[in-house]
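# Structural features, examined
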Amino acid sequence: MCATCGCGNDAHEHTHEHPHEHGGEVITLEQKVLAKNDLLAERNRGWLAGRRISAFNIMSSPGAGKTTLLVRTIEELTSTTPVSVIEGDQETTLDADRIEATGCSVVQINTGTGCHLDADMVRRALETLDPPTRSLLFIENVGNLVCPALFDLGEEGKVVLISVTEGDDKPLKYPHMFAAADAVIVNKIDLLPYVDFDMETFAAHAESINPHVRILPTSATAGDGLDDWYGWLTQNQHAVH
């Protein structure tokens with residue numbers, strides 16, 4: 001089991017057989033795991049910057065609409081900017097297959113019992129994917145609003161996606177995730193008439209945790225708000241320009 005988040009991810013290094021018995025050693029192990037990850041993330045960041053590739057880490061709960069948003073984004077942006085995807089899931093290649101059907105280059109990472117991607121997984125995926133220079137890379141993280149907030153992948157920006165079906169109190173329940181976000185996409189706004197979700201309440205909660213976060217209401221299926229999402233991407237693709 002991962003001492004940092006309890007996810008069972010065998011990719012993490014362990015230095016003690018029973019970390020749960022000694023609180024001080026658990027903290028030390030967590031620090032070592034995150035420090036090692038941060039070092040690898042900086043190497044990823046340098047690799048991407050050297051090739052002028054802008055990478056965005058897309059995080060959400062399962063079923064919020066990450067893959068649907070990415071498919072539409074790829075279809076509408078690839079005429080002007082090359083796009084590649086690293087797809088993270090515990091099992092199956094279903095989402096990667098949807099991405100690949102667009103003609104986009106994609107690498108699948110299956111984490112097994114792991115609940116997040118880490119910098120070393122992304123490094124190995126980049127070696128396989130080999131994205132072109134001056135391109136856009138999306139990293140679709142494992143569906144989870146807890147552990148992915150802890151792990152820097154070397155990305156240029158962190159994007160949290162939620163669905164209006166999840167409730168407007170999500171930022172209060174998962175403050176670390178929203179504190180880490182550069183942008184929050186509120187998806188499925190076409191369902192607002194049918195669910196108990198107040199956009200102003202949600203925005204107030206999110207901004208109380210992260211005053212500088214950009215909130216982007218969208219519907220990936222209906223197309224509402226996507227121009228604002230594309231505009232945000234353009235403004236934040238520093239490495240590409």
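The following paragraphs examine the structure supplied in this document. Note that this is a predicted model, so its numbers are computed, not measured.

On to the overall build of the protein chain. Secondary structure assignment for the protein chain yields eight helices and seven strands. Per-residue burial over the protein chain gives 50% buried out of 241 residues. For the protein chain, long-range pairs separated by at least 24 residues make up 72% of all intrachain contacts whose partners lie at least 6 apart in sequence.

Now for the nonpolar core. Phe138, Trp229 and Trp232 are the most contacted members of the largest nonpolar core, which has 25 residues in total. Discounting chain neighbours no more than four positions away, the residues touching phenylalanine 138 are Phe56, Ile58, Leu70, Thr73, Val83, Ser84, Val85, Ile86, Trp229 and Leu233. If you look at the next biggest cluster of nonpolar residues, it comprises 18 residues, including Leu145, Met177, Val186 and Ile189.

Moving on to the environment of asparagine 236. Turning to its location among the elements, asparagine 236 is positioned in helix α8 (residues 226-236). With 182 residues separating them along the chain, asparagine 236 and serine 54 place their C-alpha atoms 8.2 Å apart. If we skip the residues at most four places from it in the chain, asparagine 236 touches Ser54, Phe56 and Glu156.

Attention now goes to the environment of lysine 66. Among the secondary structure elements, lysine 66 is positioned in helix α2 (residues 66-77). A residue is classified by how much of its surface remains accessible, and lysine 66, at 7% relative accessible area, is buried. For the pair lysine 66 and glycine 143, spaced 77 residues apart in sequence, the C-alpha separation works out to 8.9 Å. Non-local contacts of lysine 66, meaning those with residues more than four positions away in its chain, are made with Ile58, Met59, Ser60, Ser61, Glu140, Asn141, Gly143 and Leu161. Among the polar contacts listed, one links the side chain of lysine 66 to the side chain of serine 60, at a separation of 3.0 Å.

By secondary structure assignment, the location of threonine 67 is in helix α2. A distance of 3.3 Å separates polar atoms of two side chains, one belonging to threonine 67 and the other to aspartate 95. Among residues more than four places away in sequence, those in contact with threonine 67 are Glu87, Asp95, Arg98, Ile99 and Glu140.

Relative to the assigned elements, glutamate 166 resides in the loop between β5 (157-163) and α5 (170-173). The class for glutamate 166 is buried, based on a relative accessible area of 19%. A distance of 3.0 Å separates the side chain of glutamate 166 from the side chain of serine 61, its partner in a polar contact. Only 2.6 Å separates the side chain of glutamate 166 from the backbone nitrogen of serine 163, close enough to count as a polar contact. Sequence-distant contacts of glutamate 166, that is, excluding residues within four places in its chain, are made with Ser61, Ala64 and Leu145.

Cut-offs used in this document
- Residues numbered from 1 in each chain as written.
- Predicted model: local features only at pLDDT ≥ 70, side-chain atom pairs only at ≥ 80, totals over all residues.
- Heavy atoms only, no water.
- Helix = DSSP H or I, 4+ residues; strand = E, 2+ residues; numbered from the N terminus.
- Buried < 20%, exposed > 50% of the residue type's maximum accessible area, 1.4 Å probe, protein only.
- Contact = heavy atoms within 4.5 Å.
- Core = buried A, V, L, I, M, F, W, Y, C linked by side-chain atoms within 4.5 Å.
- Polar contact = N/O pair within 3.5 Å; in protein donor to acceptor, adjacent residues only side chain to side chain.

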